[in-house]
Amino acid sequence: MTKPLDGIRIIDFTHVQAGPACTQLLAWFGADVIKVERPGSGDVTRNQLRDIPDADALYFTMLNSNKKSLTLDTKKPEGKEVLEKLIRESDVLVENFGPGALDRMGFSWERLNELNPKMIVASVKGFSDGHHYDDLKVYENVAQCAGGAASTTGFWDGPPTISAAALGDSNTGMHLAIGILTALLGRDKTGKGQKVAVSMQDSVLNLCRVKLRDQQRLERVGYLEEYPQYPHGEFSDVVPRGGNAGGGGQPGWVLKCKGWETDPNAYIYFTIQGHAWEPICKALGKPEWIDDPAYKTAEARQPHIFEIFKTIEGWLADKTKFEAVDILRKFDIPCAPVLTMKELANDPSLRASGTIVEVQHKKRGSYLTVGSPIKFSDLKPEVTASPLLGEHTEEVLASLGYSKQDIFNLREVKAV
Ligand code: COA
């Protein structure tokens, strides 16, 4: 089956998570992704948090499927020469080195554009070019703090909190993938490549858009009616942490279900959507609330929203999270069980849809990974194992015209 990105060759000069998540996605959709790694060591995640001695760590395998691995020392003249050849024959170069590393290697945007004017050069950095922090190296949690996620996540009486979701890393990689695809479409029209840059701070902030909405509402009216602080608590002049409150106009909370005393995940998320008030009252066996003026409108409910949640928890006390959702779904109430990683890993629907995939790896045996979250009617992305370090070095060099003797010579000087 031909895939949409067949024929697009990508030099994957990425490491850790933000860059690899981007190129992995493009590889699933058919791009020929060649991961360039330092000989002998490779991407640092090959060794990080290993669970099997001498086998690539899951951190690496789960972010580098469907790729080829070329080892190349791009600081050696012989390695630079190989990279230049590869650049001339590729469509995209993706990198997420620390600030200035590519320039120091001798591959500035100007140089890359000179070598291949059609090439798209895509970068992830912690902060955007020209930002007063643009010299900083950045990891996930740093980005969550810099992008507004940490100050708005957690409980009002606790410290700023980091989300487990990779808002700084994989999210930035997804933004970069959109940028690359846009630049590829642009190139079809203009014949020219361009530089695509995404910062982790910007990508986090993009997902915190509603919090910037709230900052402006707060400055105008002095309170935020959907936050737990309203109407009984105090607001300062910055958006507070709202615990588990719903971020839109629908009040919601994480509620205890049967077994919460011993199971830390025996909870559901329950949303009181305006039009669902009547079905909620019916589901809870509280038909008298339907027309009671103290409950009838969202505005009337807000002052005692936590009493309402308490009543719902009373109703949930003899139901597991799954039983509760099975009842509530019949009443068209937006809700879900709080699912653990174990439950997700074994979820038959996620297995069937290809969102959780089992992959065979030469050294590890089989492992689980998250497959494409994007589903197409005419493409079924197949997830293959991540490459061993340097697994495709000879293949890639041969495709660039290097003979066996040339490859031997490159190995002698430890350039590959
Ligand atoms: N051959 C030779 N040298 C290589 C090489 C290769 N194949 N691949 C990388 N290098 C060199 C780089 O040129 C750089 O050298 P220099 O600093 O002497 O110029 C060096 O390896 C290290 O690069 P760097 O990216 O700075 O690594 P680091 O481990 O110090 O920092 C990060 C890691 C993630 C903090 C940093 O890369 C960064 O801030 N990246 C941008 C933001 C980002 O993506 N962060 C999230 C990652 S999930």
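Residues numbered from 1 in each chain as written. Predicted model: local features only at pLDDT ≥ 70, side-chain atom pairs only at ≥ 80, totals over all residues. Heavy atoms only, no water.

Examining the sheet that holds strand β4 (residues 92-95)
On the basis of which strands lie adjacent, the open sheet formed by 6 strands has the order β3-β2-β1-β4-β5-β6 and parallel pairing. One side of each edge strand has no neighbouring strand; the edge strands of this open sheet are β3 (68-71) and β6 (195-199). Adjacent strand axes in the sheet meet at a mean angle of 20° when their direction is disregarded. As paired elements, strand β2 (residues 32-37) and β3 share 4 bridges and run parallel to each other. Bridge assignment links Glu37 to a residue of β3, and that residue is Thr71. Here helix α3 (residues 77-88) sits on the sheet and contacts β1 (9-13), β2, β3 and β4; the angle it forms with β1, its principal contact strand, is near 140°. Sheet strands touched by helix α9 (residues 200-207): β5 (120-125) and β6. Its angle to β6, the strand with the most contacts, is close to 65°. (Pairing = 2+ DSSP bridges. Helix = DSSP H or I, 4+ residues; strand = E, 2+ residues; numbered from the N terminus. Axes fitted to C-alpha atoms, helices over the stretch in contact; angles between N-to-C directions. Contact = heavy atoms within 4.5 Å.)

What to know about the packing of helix α1 (residues 18-28) against helix α8 (residues 170-190)
Taken N-terminus to C-terminus, the directions of α1 and α8 make an angle of 50°; their axes are 7 Å apart at the nearest point. As judged from the angle between their axes, α1 and α8 are oblique. As for how α1 packs across α8, the hand of that crossing is right-handed. For the pair α1 and α8, contact is made by Ala18, Ala21, Cys22, Leu25 and Leu26 and by Ser170, Gly173, Met174, Leu176, Ala177, Ile180 and Leu181, respectively. For the contact of α1 with α8, the residue count by class is 10 nonpolar, 2 polar and no charged. (Parallel < 35°, antiparallel > 145°, perpendicular 65-115°, else oblique. Left-handed = near helix turned anticlockwise from the far one by under 90°. Nonpolar A, V, L, I, M, F, W, Y, C, P; charged D, E, K, R; others polar.)

Observations concerning the site of the ligand
Surrounding the ligand, one finds 22 residues, the nearest of these being Arg38, Lys75, Gly98, Lys137 and Val138. Within the backbone of Thr74, an N or O atom sits 3.1 Å from a nitrogen atom of the ligand. Contacts to the ligand include Arg104, whose side-chain N or O atom sits 2.8 Å from an oxygen atom. Notes on the ligand: free accessible area 940 Å², of which the protein chains cover 84%. Broken down by class, the residue content of the shell around the ligand amounts to 9 nonpolar, 6 polar and 7 charged. (Near = heavy atom within 4 Å. Polar contact = N/O pair within 3.5 Å; in protein donor to acceptor, adjacent residues only side chain to side chain. Areas by Shrake-Rupley, 256 points an atom, 1.4 Å probe, with all protein chains shown as cover.)

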